[in-house]
Amino acid sequence: MRVLVTGGSGFLAAWVMRRLLARGMQVRAFDVREDARLLRALAPDQADDVQWRTGDIAEARDVAAALDGCDAVIHLAGVLTPACSADPVRGARINLIGTLNVFDAAIACGIGSVLYASSAGVFGPDDGATPFPMTHYGAFKLACEGSARAYWHDRRIASVGFRPLVIYGAGRETGSSAGPSLACRAAARGEPYTIPFTGVTGLVYADDVAAAYELALASKFDGAHVFTLAGDITPMESVIAQLKAIAPDAHIDAAGAPLPIATSFPDDPALARLLPDLPRTPLADGLQQTVDFYR
């Protein structure tokens, strides 16, 4: 099986491609530029096996050319909350139009399903059941979810989207919620760092999110599904305390408003049915592995 991973130069894509390569799949990466540095750190013996295609996710021809000859697609390309806030039109072109291009290209290639990245940013601060985004980024992701449903209704192309909360792990160094990962890097280097938000949020380890895509790729499903990956709902004070236990000389604190995303989410039995073997890395283990990587 040859799998196209869009956003191939990104943090999450490196973790996903690492798992696909370990499974013996052929992987093609698509992005505006080729950057395999994190993948080389995570999978040094297999990073050179990835085929690269460069282009613009917002250009339908580029996406169609990248997907040609592939059997499946994991769509991770996008820009994060700060970029969408700074330039909403550009954010919509990349995050929303780019997603429509992926679905259209998959239909043209005869691919029956799309796996894509949504976000817990579709929720507001108070309700983890009913979407109510407070950012352009969240609004675009919610529009992608609605479009995925429309594609199933109109064209019978199935889909699974994942809504992770704060993904942390090696290489997560950009975006408004990168603070826990940057704190791990600072702790490993003995540098001071202030996590730029306080309060409680869900932390989900990068490899667990990558595993969700790997398992969904091997699953058979119909319809348009979207699942929240909440991880460990944790106060930032607890993250700081665990980092100090890992690196006693760490100088980590937190300041700023809490993230504007809910912290309580209903259980979804459909996720357990589709992906019964989905791993869940304990927070202490994930933080330890991230600090070890940067060390």
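Residues numbered from 1 in each chain as written. Predicted model: local features only at pLDDT ≥ 70, side-chain atom pairs only at ≥ 80, totals over all residues. Heavy atoms only, no water.

We apply this condition: UniProt positions are given in the numbering used here, feature names are shortened, and annotations may be inferred rather than shown by experiment.
The protein chain goes by NAD-dependent epimerase/dehydratase in an unreviewed UniProt entry, where it is assigned to Caballeronia arvi. UniProt lists a comment for the protein chain under the heading Pathway (unreviewed entry), and it reads "Bacterial outer membrane biogenesis; LPS O-antigen biosynthesis." Turning to the protein chain, the UniProt record has this under Sequence similarities (unreviewed entry): "Belongs to the NAD(P)-dependent epimerase/dehydratase family."

## Side note on helix α9 (residues 236–246)
Where we set the bar: Relative accessibility decides the category of a residue: with a 1.4 Å probe and only protein chains considered, values under 20% of the type maximum give buried, values over 50% give exposed, and everything between is partly exposed. Counting from the N terminus, the helices are the DSSP runs of H or I reaching at least four residues and the strands are the DSSP runs of E reaching at least two. For this quantity, the arc is that covered by the directions from the helix axis to the C-beta atoms. The contact criterion used throughout is that any non-hydrogen atoms of two residues lie within 4.5 Å.
Listed in full, the buried residues belonging to α9 are M236, V239, I240, L243 and I246. For α9, the arc enclosing every buried residue in end-on projection is 120°, short of the 170-degree limit, so these residues lie on one face. Residues of α9 that are exposed and angled more than 90 degrees away from the buried face: E237 and A245. On the buried face of α9, the contacting elements are α7 (179–189), β8 (192–195), β9 (200–205), β11 (232–235), β12 (251–254) and α11 (283–294).

## A word on the sheet that holds strand β7 (residues 166–168)
Stated precisely, the cut-off is as follows: Two strands make a pair as long as DSSP finds a minimum of two bridges between them. Only C-alpha atoms enter the line fits that serve as axes; for helices the fit covers just the stretch in contact. Angles between N-to-C directions range over 0 to 180 degrees.
Here three strands make up an open sheet; going across it, the order is β7-β9-β11 and the pairing mixed. If you trace the sheet from one side to the other, it starts and ends with β7 and β11, each paired once. Neighbour-to-neighbour, the strand axes of this sheet turn through a mean angle of 45°, independent of strand direction. As defined by bridge partners, β7 adjoins β9 across three bridges and the pair is classed as parallel. Pairing of I167 across the sheet is with V204, part of β9.

## Quick look at the packing of helix α1 (residues 11–22) against helix α8 (residues 206–217)
Applied cut-off: Roughly parallel means an angle under 35 degrees; roughly antiparallel, over 145; roughly perpendicular, 65 to 115; everything else is oblique. Helix crossings are classified by the rotation of the near helix relative to the far one: an anticlockwise turn of less than a right angle makes the crossing left-handed, while a clockwise turn makes it right-handed.
Two numbers describe how α1 lies on α8: the axes approach to 9 Å, and their chain directions differ by 55°. The orientation of α1 with respect to α8, classified from their angle, is oblique. The element α1 and its partner α8 pack so that their crossing is right-handed. Together, F11, L12, W15, V16, R18, R19 and L20 of α1 and A206, D207, V209, A210, A211, Y213, E214 and L217 of α8 make up the contact between the two elements.

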